[in-house]
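Chains, contacts and geometry: an overview
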Amino acid sequence: MKTINTLINDVEKVLGGESELSGSNLDAAIEKAGDEFKTLLRNRILNSYGDSTALRLSAIGRSCNRLHWFNAKGYPTPDLLPATKMKFLFGDISELLMIFLARVAGHTVEREQEEVEVEGIKGHIDCVIDGVLVDIKTASPYSFAKFKDGTLQDNDSFGYIGQLKAYSEATGIKDRYNWVLNKVNGAQCLYKHPDDVPSATDRVVELKKVTANALAPDRGYKDIPDGKSGNRKLCVECSYCSYKEHCWEGLRTFIYSTGPRFLTKVENVPKVLEVFDEYKEV
Ligand code: SF4
């Protein structure tokens, strides 16, 4: 019986030509992966990546209550750019590929996309591998380093720790991991989530109260100085928030070589392109 500890080594052996499965078992795994890929394409091409105002377990790790309030009240969000949809599709396809490789490497993969629930709030786990919860991510090199170096808990901008804690409480499976693929160089790592994490059930109860209020809660983050320019900009968490236009009145977007920058206060107009509403999604 394999354990999660050998997952990456075993997958790398498969990539080197040493498969644990052979003959009809290997064929069955390939057929299953093919069917899953077809289902994914049908779902994503026909249904796309829609927005939902329902609170989801995948989002409860995001710490800004105001974001959840905007979502619950149905504030509109910008249409996703084709490039963003491509990024999501790439992530979904990578997940199928990694699950396929885990199977071919002789690991037990179960409960894929199983619906789970905490206090009536629903979510879907990625899968259980060798008896532990696994959530699969594709990451930029910057984000990958946080998982590989074990520093995610210090800088968890997207709430992954809270997300997996919710899945853990919903399933009763204590051990939980992110299995992460660096989308630039193909490296993999496993990040084991810490035990000492606040209760997801308490967080769900809190968010239900917050989102029932008529008034929006305060912002979860402050804007920060943009170097020595005298301007102020959004932090990373706000920059990726779909509700930033509702949250920060008069926000202006400038395109730098490193990507868009969202300025809340402009004392010196940047000498780069400024863009307007329809381009503001990142
Ligand atoms: S822009 Fe920032 S402060 Fe405002 S809702 Fe989004 S995450 Fe919260």
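One can find the structure itself at the top, above this paragraph.
The text that follows walks through the structure, step by step, so that each part is easy to find. Computed from a predicted model, the values in this text were never measured in an experiment. (Residues numbered from 1 in each chain as written. Predicted model: local features only at pLDDT ≥ 70, side-chain atom pairs only at ≥ 80, totals over all residues. Heavy atoms only, no water.)

The subject of this paragraph is the overall build of the protein chain. Across its full length, the protein chain holds nine helices and twelve strands. Relative to a compact globule of 282 residues, whose C-alpha radius of gyration would be 19 Å, the protein chain shows 21 Å and is just as compact. Each principal axis of the C-alpha distribution contributes one length, and for the protein chain these read about 65 × 40 × 40 Å. The 282 residues of the protein chain split such that 42% are buried. Within the protein chain, residue pairs in contact and separated by at least 24 positions form 64% of the contacts whose partners lie at least 6 positions apart. Accessible area of the protein chain: about 15,300 Å², with a carbon and sulfur share of 52%. (Helix = DSSP H or I, 4+ residues; strand = E, 2+ residues; numbered from the N terminus. Rg over C-alpha atoms; globule rule 2.2 N^0.38 Å. Buried < 20%, exposed > 50% of the residue type's maximum accessible area, 1.4 Å probe, protein only. Contact = heavy atoms within 4.5 Å. Areas by Shrake-Rupley, 256 points an atom, 1.4 Å probe, with all protein chains shown as cover.)

Looking now at the sheet that holds strand E11 (residues 259-265). Sheet strands associate in pairs through backbone hydrogen bonding, adopting either a parallel or an antiparallel arrangement. Sheet architecture is open: five strands sit in the order E8-E9-E11-E10-E12, paired in antiparallel fashion. With one partner strand each, in any of the chains shown, strand E8 (224-225) and strand E12 (273-275) form the two edges of the open sheet. Of the strand pairs in this sheet, E8 and strand E9 (residues 232-233) are connected by two bridges, and their pairing is antiparallel. Residue pairing for E9: isoleucine 224 is matched across the bridge by lysine 233. (Pairing = 2+ DSSP bridges.)

This part takes up the pattern of salt bridges. Any two side chains of opposite charge can pair, on the condition that their charged atoms come close. This structure, assessed with the given rule, holds 18 salt bridges. Close ionic contact of aspartate 135 with lysine 137 constitutes a salt bridge, the shortest N to O distance being 2.9 Å. Accessibility expressed as a relative area gives 3% for aspartate 135, which makes it buried. Residue arginine 252 pairs with glutamate 274 through a salt bridge whose shortest N-O separation is 2.9 Å. (Salt bridge = Lys/Arg side-chain N within 4 Å of Asp/Glu carboxyl O.)

Attention now moves to the side chain of aspartate 10. Its location among the elements puts aspartate 10 in helix H1 (residues 7-15). We classify aspartate 10 as buried; its relative accessible area is 7%. A polar contact of 2.7 Å, which involves the side chain of aspartate 10, links it to the side chain of threonine 6. Discounting residues that sit within four places of it in the chain, aspartate 10 has contacts with Lys2, Ala105 and His107. (Polar contact = N/O pair within 3.5 Å; in protein donor to acceptor, adjacent residues only side chain to side chain.)

This next bit is on the side chain of serine 157. Assignment of secondary structure puts serine 157 in the loop between helix H5 (141-148) and helix H6 (160-171). Polar contacts involving the side chain of serine 157 include one to the side chain of glutamate 237, which spans 3.1 Å. Discounting residues that sit within four places of it in the chain, serine 157 has contacts with Arg62, Lys146, Val236 and Glu237.

Under the defined criterion, the tally for this structure stands at eight aromatic pairs. Ring plane angle 70 degrees and centroid distance 5.7 Å describe the contact between tryptophan 69 and phenylalanine 70, whose orientation is recorded as edge-to-face. The burial state of tryptophan 69 is the same as that of phenylalanine 70; both residues are buried. Geometrically, the ring pair formed by phenylalanine 70 and tyrosine 243 is stacked, given 5.8 Å between the ring centres and 20 degrees between the ring planes. Here tyrosine 243 lies in the loop between helix H8 (236-239) and helix H9 (244-247) and phenylalanine 70 lies in helix H3 (residues 65-72), a separation of 173 residues in the sequence. Take phenylalanine 70 and tyrosine 243: they sit in the same class, and that class is buried. An aromatic cluster of at least three residues, connected via ring pairs, comprises Phe147, Phe158, Tyr160, Tyr191 and Tyr240. It is lysine 244 that lies over the ring of phenylalanine 262; its NZ or CZ is 4.7 Å from the centre. Between the NZ or CZ atom of arginine 261 and the centre of the ring of tyrosine 256, over which it lies, the distance is 3.6 Å. (Phe/Tyr/Trp six-rings, centres within 6.5 Å; stacked < 30°, edge-to-face > 60°. Lys NZ or Arg CZ within 6 Å of the ring centre and 35° of its normal.)

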